[in-house]
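What the coordinates show
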Amino acid sequence: MKRQKNILQALDWKTIIVYIILVCTGWICIYSSVYNTEHSSIFDMSQRYGMQLVWIGTAFALAIFILCLDIKIFTVLSLPLYLFTLFLLIFVLVSGHEVNGSKSWLAIGSIRIQPAEFMKIATSLIASYLISEYGFKINSVTNILKLLIIFTVPVALILMQKDTGSALVFASFLIMLYREGMSGWIIIGIIYLSILFIISLLLPALETVCILTALLMLIYIILNLNVLWKSLKIAFTFITGLILAMFIRNETDIRLETQYLILIYVAIFLFIFIMSYKGRIAKLLFVVIFFFSSVFISFSVDYVFNNFLKQHQRERIEDMLNMRVDLQGTGYNVNQSKIAIGSGGLFGQGFLQGTQTKFNFVPEQSTDFIFCTIGEEAGFAGCLIIIGLYLFLLFRIIIIAERQRFAFTRIFAYCTFGILFFHFTVNISMTIGLIPVIGIPLPFLSYGGSSLWAFTIMLFILLKLDTKR
Amino acid sequence: MNKNKIVLFVACMIVLIIIARLFYIQVINEEYKQIAKRNALYYQTQYPARGLIYDRNKNVLVSNQTMYDITVIPREISSFDTLELCKILNVSEASIKQSLVELSKKNKNRGIASYQQIPVVKHISIDAYTKFQEKLYKFPGFYTRAYTARKYTTQSAANVLGYITEVDKNDISADSYYQQGDFAGKNGIEARYENELRGQKGVTIYTRDVLNRIQDHYKNGAEDSMAVTGLDLICTIDSALQNYGEKLMKNKSGSIVAIEPSTGEILALISSPCFDPSLLDEENRVNNYRKLINDKNKPLFNRAIMSPYPPGSVFKIANALIGLQENVLTPDTYYSCSMGYHVGRGVGCHSHPSPINMTQSIMMSCNAYYCHTFRNIIDNPKYETIYESLDKWIEYCSSFGFGRKLDSDLYGEKNGKMPTAKTYDNLHGKNRWKSLSIISLAIGQGEIGCTPLQIANFMATIANRGHYYIPHIVKDIESKGIDAKYKQKQYTLVDTANYEKVIEGMYLAVNGFGIGNTAGRAYVKDLDICGKTGTAQNPLGDDHSTFACFAPRENPKIAVVVYVENAGFGAAWATPIASLIVEKYLTGKITRPYEEERIINANLLNKNTIQ
């Protein structure tokens, strides 16, 4: 009895309340998106809202079950759990059920389960276990290798199931790794590479090189701030001289095209570059290597894009970059989704009044595109409330993480934060066309047993661990 | 900064970007809301019946008939059974495919939005229509359209009535009322009274799902509207007179305009060659329009209101009136004439007694008399310069309605031509011209051009002794009436008393047998026709024959002007035609069948090309 009471007192109830609100909102959205007058009973099991009631009920049961477990079980069982889920992934690859081109479903009777969702929990647990071990150093080669294996094996298996979205979620472990001591430069490097990738796809090679050169010069100047003033003086003299020369040749009608501007820009900085060459070999070397590797990457991007990506992935990327307009084909989902959300206005059309979601204009409207229902029926105000709830949840998780005595709990909290944050931002961003369509659900709101169970288990493991802070 | 704070900061930044984007697409951008409506709402347009057009005796001239089209909304088309479609509509598979291919081109070329209904098979039978209506669900993207097209119960007055066509891109951008596939008047009454005739379209709004299945009335029909039938018009045309005039003008090029002086109502407005208005109805227009527009006799050119003919001798009456008003001429002013006016280059005349007074000058149509009169007007010492006096003369002409639009309700009415001092400055140089340089104006030649409507209106003005009503073609609009301006007297600058003096001359020109009258051919017993012949010199070919008149002398009922192009001397053709029109209108019968027959059988078309 005493122990029970302690648990109830130690539980982070704020998080639980937000969790319950989100799950209930999710059910209302699912009800609204598949609502029609013929099936009006909310317990109708042939309808998704009826099924979701079952998922919610079982998720609550799971939550209570987890809270009753001994916390040692999470550390002890992390490796067996990890291996078991890996086995499930392999099993799915062999005899899984294919939905929308992804062979990632395990069919048990009429119930379908997606092991990839649970793989995230298992990976989080084992990563937390590994990193929290006494004497773990993130910079040691063996540790890096171990971590790489832990992460890449499930990612490879999930990619083989053609479930790119779930595989990408594993990138969210970078946040945890960053917190646990990994250099921020690695994340910046990854972001830089992504931007380079996009620029390379969008612009012709020459312009990409020009931009990279400019960037190179900029970095060099930042590294050598003392050169800056000197260079500016020289640049000013140079430009004045150029203009004077033009006046002397009576070319008052100066029209500078963009490429000439860039050329002049490059010329000026090249000059500065040579001027300040003396005694700065190390920095120069860094900048030059950086420059040439960027150019190399940029040139290989097109090759990779055309030879390694699948057709639907290329199309999704092209849609996002506005490289082509195909509203009937792959761009249809995003366009309809934007229309639905956009039609909501400030306060929305009202509950059950959204025409776009009610009449099935938005595909996948109860799973990946559930946010459309909120956007259309609750408007900008409703979206703000939902986003606010998520932000609150994420803040709570960070607060929980930072108040732990045990590294294991903190690391697991950051894993949870990363995965939730990734799902939440990526899902909403794709429905409003900020990024390409990546088929991952909105946590707690989207229809589906696997994702609801997985997020519930994850959150409640964290809450259980938190009781021992 | 701690790493946990950096993580939270970056997370908040990303969420802020998302919120900004949401704010943009939900609150700022209106486009998505429009598209959402187009997605989920189906607007079924209810087309109103167009207003009917009656003649002044309440005979229907233009009515409606229902036509049926098959339309498509290109972006909604998905696969369908072409064979079944062809079977129902009884058209060949090739022609359907052809029109669908055309459609995709059209969309690309003209930028018509792909969510609008565009007709693919036109004018199907009512049987095919009902059959197709039942099978509509099998053909996604296909719709039917029932609409009313024009049906003509008259064979005349094509240019007066005008025609309707499907609106083009310009119409749609000029008036947001129109949508692709709507009809609008393109000429004549149909165009001028488009807003009255077209009525008001109604709309029924339904919601529909992604598979284009109609779900429900949108907002229970709160935003639906009923179609409002167009207003009926009663036009001023006397269709019996119009028909008769067109019959007389058969195989002749020219124009007849008849006006009721006491109201300004146009009884007949004929531009010849004439054509049957049914040639431009919905079923035939495509085939005939090109033929008509390419016809070298230009049947689509409404001469009655557009062609600036030289008025010729008819204009002498205007100069007489101006002379009387300016006190440079009295009824008893005598001038002698020996075959013309021999000053400067001179103006010739025909042989007639001499000297003559003003009444005789109109009766005999003496050129010399009007050269004297015109020079007296222009060289009047009352005015300091010729610029001043010419301006005054133009002011008089303008008050008669010459050189400007009469502001009638006729579609496409033109100004005619009226010289100004500047015209002559350009021709001769500033201050380098005098009254003798512009002497042609004395006899209605030179730089002046009047439309038949303007001459007819001038005749009505004389008949009314100094005022006219703005000529108009529509007598009454259902439940609305016509503009008050058509009921107001428009006065000229010449006193009423002076009109009586010229009317005597016009009366004698027709009725003064044995004393040198020029228009005896227009004489009809007891009708008291007052008229003036004219032979308008035509630099391009034979002179135009013209005659302008009104009748009877007291209480005039009709003013008529007739122009027959390239027909030579005025008395030969225009004069008898005008008198037949007057006789037909006033008595309803013809006393000179031989004259009627001679005119109907005469072919004066293509005279120039034969020579």
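Not measured: the values here are computed from a predicted model.

A word on the overall build of chain A. Each helix and strand in chain A was counted, giving 20 helices and three strands. The buried share of chain A, reckoned over its 469 residues, is 39%. For chain A, long-range pairs separated by at least 24 residues make up 70% of all intrachain contacts whose partners lie at least 6 apart in sequence.

Now for the overall build of chain B. When its secondary structure is counted, chain B shows 22 helices and 20 strands. When contacts within chain B are restricted to residue pairs at least 6 apart in sequence, long-range pairs at least 24 apart make up 71% of them.

Attention shifts here to helix α15 (residues 367-378) of chain B. The α-helix winds at 3.6 residues per turn, so residues separated by three or four positions along the chain end up facing the same way. Residues and elements named next belong to chain B. Here α15 contains 12 residues, and its C-alpha end-to-end distance of 17 Å stays within 8% of the 16 Å for a straight helix at 1.5 Å per residue. The buried count for α15 comes to 10 of 12 residues, which makes it a mostly enclosed element. Of the positions making up α15, those classed as buried are N367, A368, Y369, Y370, C371, H372, T373, F374, I377 and I378. For α15, the secondary structure elements touched by its buried residues are α13 (315-325), β13 (340-341), β14 (347-348), α14 (358-364) and α16 (386-400).

Right, let's talk about the sheet that holds strand β9 (residues 214-217) of chain B for a bit. Residue and element names in this part refer to chain B. As summarised here, the arrangement of the three strands in space is β1-β8-β9, forming an open sheet in which the pairing is antiparallel. Among the strands making up the open sheet, the edge pair consists of β1 (41-46) and β9. Between one strand and the next, the sheet's axes are offset by a mean angle of 40 degrees, whatever the strand orientation. One ladder, built from six bridges, connects β1 with strand β8 (residues 202-208); its direction is antiparallel. Each bridged residue has a counterpart across the sheet, and for Q44 the counterpart in β8 is T204.

Right, let's talk about the interface of chain A and chain B for a bit. With 34 residues of chain A in contact, the opposing surface of chain B contributes 27 residues. If you list the elements that add at least two residues to the side of chain A that touches chain B, you get α9 (173-179), α16 (331-342), α17 (355-358), α18 (370-402) and α19 (407-431) of chain A. When residues of the side of chain A that touches chain B are assigned to their parent elements, the largest contribution, 11 residues, is made by α18(A). Looking at the side of chain A that touches chain B residue by residue, the classes come out as 20 nonpolar, 11 polar and three charged.

With that out of the way, let us pick up the packing of helix α6 (residues 115-132) of chain A against helix α7 (residues 141-160) of chain A. Residue and element names in this part refer to chain A. The interhelical angle for the contact between α6 and α7, taken along N-to-C directions, is 175 degrees, at an axis separation of 10 Å. With respect to α7, the axis of α6 lies roughly antiparallel. Mapping the contact onto sequence places A116, M119, T123, I126, A127 and L130 in α6 and K146, L147, I150, F151, P154 and I158 in α7. Partitioning the contact of α6 with α7 into residue classes produces 10 nonpolar, one polar and one charged.

Grouped together as the largest cluster of nonpolar side chains are 130 residues, with contacts concentrated most on B:A258, B:A456, B:M459, B:C549 and B:V560. No fewer than three residues from each of domain 1 (42-77 + 98-235) and domain 2 (239-275 + 302-610) of chain B sit in this core. When neighbours within four sequence positions are excluded, B:A258 is seen to be in contact with B:L241, B:L267, B:A268, B:A456, B:I558, B:A559, B:V560, B:I581 and B:Y585. One finds A:V18, A:V34, A:A59 and A:A378 within the second-largest nonpolar core, a separate group that totals 104 residues.

A few words on the sheet that holds strand β11 (residues 254-260) of chain B. Residue and element names in this part refer to chain B. Taken together, the five strands give an open sheet; going across it, the order is β12-β11-β20-β19-β18, and neighbouring strands pair in antiparallel fashion. A strand with exactly one partner marks an edge of an open sheet, and here the two such strands are β12 (265-272) and β18 (530-536). Strand-to-strand twist of the sheet, defined as the mean angle between neighbouring strand axes without regard to direction, takes the value 5 degrees. The strands touched by helix α20 (residues 574-587) within the sheet are β11, β12, β18, β19 (544-551) and β20 (558-564), with β20 carrying the most contacts at an inclination of about 150 degrees.

Residues and elements named next belong to chain B. For Y289, the location among the structural elements is in helix α11 (residues 285-294). Owing to 16 C-beta atoms within 10 Å, Y289 belongs among the partly exposed residues under this scheme. Along the backbone, Y289 and L300 are 11 residues apart, and their C-alpha atoms lie at a distance of 9.3 Å.

With that out of the way, let us pick up the confidence of the model for chain A. Residue and element names in this part refer to chain A. Looking at chain A as a whole, the pLDDT averages 79, with 74% of positions reaching at least 70. Mean pLDDT per element in chain A: helix α13 (residues 258-275) is the minimum at 60, and α19 is the maximum at 93. Taken together, the stretch residues 250-258 has pLDDT below 50 and engages in three contacts with residues farther than four places along the chain or on a different chain.

Let's shift gears to the confidence of the model for chain B. Mean pLDDT over chain B: 88, with 96% of residues reaching 70 or higher. The complex model carries a pTM of 0.64, and its ipTM stands at 0.81.

Glancing now at the packing of α18(A) against α19(A). All names here are of chain A. Two numbers describe how α18 lies on α19: the axes approach to 10 Å, and their chain directions differ by 165 degrees. In terms of axis orientation, α18 runs roughly antiparallel to α19. Where α18 crosses over α19, the two elements pack in a sense that is left-handed. Packed against α18, whose contacting residues are F371, C372, Y390, L394, I397, I398, I400 and A401, the element α19 presents R410, A413, Y414, T416, F417, L420, F421, F424, N427, I428 and T431 at the interface.

This next bit is on unusual backbone geometry. All names here are of chain B. Between S354 and the following residue, P355, the backbone shows a cis peptide bond with an omega angle of -10 degrees. Position of P355 among the secondary structure elements: in the loop between β14 and α14. Note the cis peptide between A551 and P552, where omega equals -15 degrees. Topologically, P552 is positioned in the loop between β19 and β20. Here the phi dihedral of D526 falls at roughly 70 degrees; this positive angle occurs in a residue that is not glycine. Even without glycine at this site, N566 takes up a positive phi of about 55 degrees. With respect to the element layout, N566 can be found in the loop between β20 and α20.

Here we take up α18(A). The terminal C-alpha atoms of α18(A), which comprises 33 residues, lie only 32 Å apart, well short of the 48 Å expected from a rise of 1.5 Å per residue. Most pronounced at A:A378, the bend in α18(A) amounts to some 125 degrees.

Below, the discussion takes up the environment of B:G344. With respect to the element layout, B:G344 can be found in the loop between β13 and β14. The class of B:G344 is exposed, set by 12 C-beta atoms lying within 10 Å.

The rules behind these values
- Residues numbered from 1 in each chain as written.
- Chains lettered and ligands numbered in written order.
- Predicted model: local features only at pLDDT ≥ 70, side-chain atom pairs only at ≥ 80, totals over all residues.
- Helix = DSSP H or I, 4+ residues; strand = E, 2+ residues; numbered from the N terminus.
- Buried ≥ 20, exposed ≤ 12 C-beta atoms within 10 Å, placed from the backbone.
- Contact = placed C-beta atoms within 7 Å.
- Expected span 1.5 Å × (residues − 1).
- Pairing = 2+ DSSP bridges.
- Axes fitted to C-alpha atoms, helices over the stretch in contact; angles between N-to-C directions.
- Nonpolar A, V, L, I, M, F, W, Y, C, P; charged D, E, K, R; others polar.
- Parallel < 35°, antiparallel > 145°, perpendicular 65-115°, else oblique.
- Core = buried A, V, L, I, M, F, W, Y, C linked by C-beta atoms within 7 Å.
- Domains from an automatic or database assignment.
- pLDDT = per-residue confidence, 0-100.
- Left-handed = near helix turned anticlockwise from the far one by under 90°.
- Bend = angle between axes of the 7 residues up to and from the residue.

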